[in-house]
Amino acid sequence: MFPRRRVEPLVKALAVRLYHQGLSLRRVCEVLGELGDGWRFSYEALRRWYLKAGMLLPRGRRRRRAIALDETVVKVVGAKNWLWSAVDAYSEEPLASYLSPQRSFVHTTLFLERVLERCENKPLVYTDNGPWYPWALELYGLRHRREASGRRNTVERWFNAIKARTKRFYNNFPFHSTLESVARWIDPFTALHSMGRGLS
């Protein structure tokens, strides 16, 4: 993933992991740069390395017993948007994410298309009481169960992991961010989170 150039691949991997764990781009560069010339790099270089980690995101299909769906607010340059996520309700593997400027039946169906790309079958789906779910799930022939807790908590725990990281920039993706750039950020976060849990 990291071709050997001026900076060693091991240094790049360490930098990416430190940023994933919560240090800012600036702080990672400062800390590792203190170790010597071969450990110095720019914020932009680290940002590119981090985005490359999205290549580690699993793409294959598996048979799944049940999945949990939910959505949460994320702010992009101060504007409210919605992050939809699906998590395997048994393995807790994050399966798919989707960003939209609003919640609707249309956005639900677009999200479900991504979710089903990770499923060999049509699993049971756990959701909350969101009115945008039932018609979309019926359209795809998916069995549906509403839950306030239980297996649906797997997706809540996933959102907690994301928010624990984004609180470092006050839960607001900063200036110059777009829905597309935030989506590109979420892919490597998901891949590295899964690797840390032994899910990749």
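Residues numbered from 1 in each chain as written. Predicted model: local features only at pLDDT ≥ 70, side-chain atom pairs only at ≥ 80, totals over all residues. Heavy atoms only, no water.

Participant: Can you walk me through the overall build of the chain in this structure?
Facilitator: On a plain count of helices and strands, the chain comes out with seven helices and six strands. A compact globule built from 200 residues would reach a C-alpha radius of gyration of about 16 Å, and the chain, at 18 Å, matches this within 12%. C-alpha atoms of the chain, sized along the principal axes, occupy 60 × 35 × 25 Å. Here the chain holds 200 residues, and the buried ones make up 48% of them. Looking at the chain alone, contacts between residues at least 24 apart form 62% of all its contacts between residues at least 6 apart. Accessible area for the chain stands at about 10800 Å²; split by element, carbon and sulfur atoms hold 52% of it. For the chain, the centre of its 35 positive side-chain charges and the centre of its 19 negative side-chain charges are spaced 2 Å apart. (Helix = DSSP H or I, 4+ residues; strand = E, 2+ residues; numbered from the N terminus. Rg over C-alpha atoms; globule rule 2.2 N^0.38 Å. Buried < 20%, exposed > 50% of the residue type's maximum accessible area, 1.4 Å probe, protein only. Contact = heavy atoms within 4.5 Å. Areas by Shrake-Rupley, 256 points an atom, 1.4 Å probe, with all protein chains shown as cover. Lys, Arg positive; Asp, Glu negative; His and termini not counted. Charge placed at Lys NZ, Arg CZ, Asp CG, Glu CD.)

Participant: Any chance you could explain a nonpolar patch on the surface here in plain terms?
Facilitator: A contiguous nonpolar surface patch, about 550 Å² in accessible area, is contributed by Phe 105, Val 106, Leu 110, Trp 135 and Leu 139. Elements with a minimum of two residues in the nonpolar patch: helix 4 (105-116) and helix 5 (133-139). Per-element tally for the nonpolar patch: the top contributor is helix 4, with three residues. Inspection of the secondary structure puts Val 106 in helix 4. The class of Val 106 is partly exposed, set by a relative accessible area of 49%. (Patch = residues over 30% accessible without salt bridge, like charges linked within 9 Å, V, L, I, M, F, W, Y side chains within 5 Å. Salt bridge = Lys/Arg side-chain N within 4 Å of Asp/Glu carboxyl O.)

Participant: Is there a simple way to explain the environment of Leu 35 in this structure?
Facilitator: Residue position: Leu 35 is located in the loop between helix 2 (25-33) and helix 3 (43-52). A C-alpha to C-alpha distance of 14 Å links Leu 35 and Leu 10, two positions 25 residues apart in sequence.

Participant: Sorry, what's going on with the pairing of strand 1 (residues 66-76) here?
Facilitator: Taken residue by residue, a regular strand's side chains alternate between the two faces of the sheet. Where burial is concerned, most of strand 1 is hidden: nine out of the eleven residues are buried. Bridging between strand 1 and strand 2 (residues 79-88) involves ten bridges; their strand directions are antiparallel. Bridging across to strand 2, Asp 70 finds its partner in Ser 85. Counting the residues in the hairpin turn of strand 1 and strand 2 gives two residues, including Val 77, whose phi is positive at 50°. Where strand 1 meets strand 6 (residues 172-173), two bridges bridge the pair, whose relative direction is parallel. Across the sheet, residue Lys 75 finds its bridge partner in strand 6, namely Asn 172. (Pairing = 2+ DSSP bridges.)

Participant: Explain the packing of helix 1 (residues 9-21) against helix 3 here, please?
Facilitator: Closest axis-to-axis distance for the helix 1/helix 3 pair is 9 Å, and the angle between their directions is 85°. Classified by the interaxial angle, the pair formed by helix 1 and helix 3 is roughly perpendicular. Across the interface between the two elements, Lys 12, Ala 15, Val 16, Tyr 19 and His 20 from helix 1 touch Leu 46, Trp 49 and Tyr 50 from helix 3. The residue makeup of the contact of helix 1 with helix 3, split by class, is six nonpolar, one polar and one charged. (Axes fitted to C-alpha atoms, helices over the stretch in contact; angles between N-to-C directions. Parallel < 35°, antiparallel > 145°, perpendicular 65-115°, else oblique. Nonpolar A, V, L, I, M, F, W, Y, C, P; charged D, E, K, R; others polar.)

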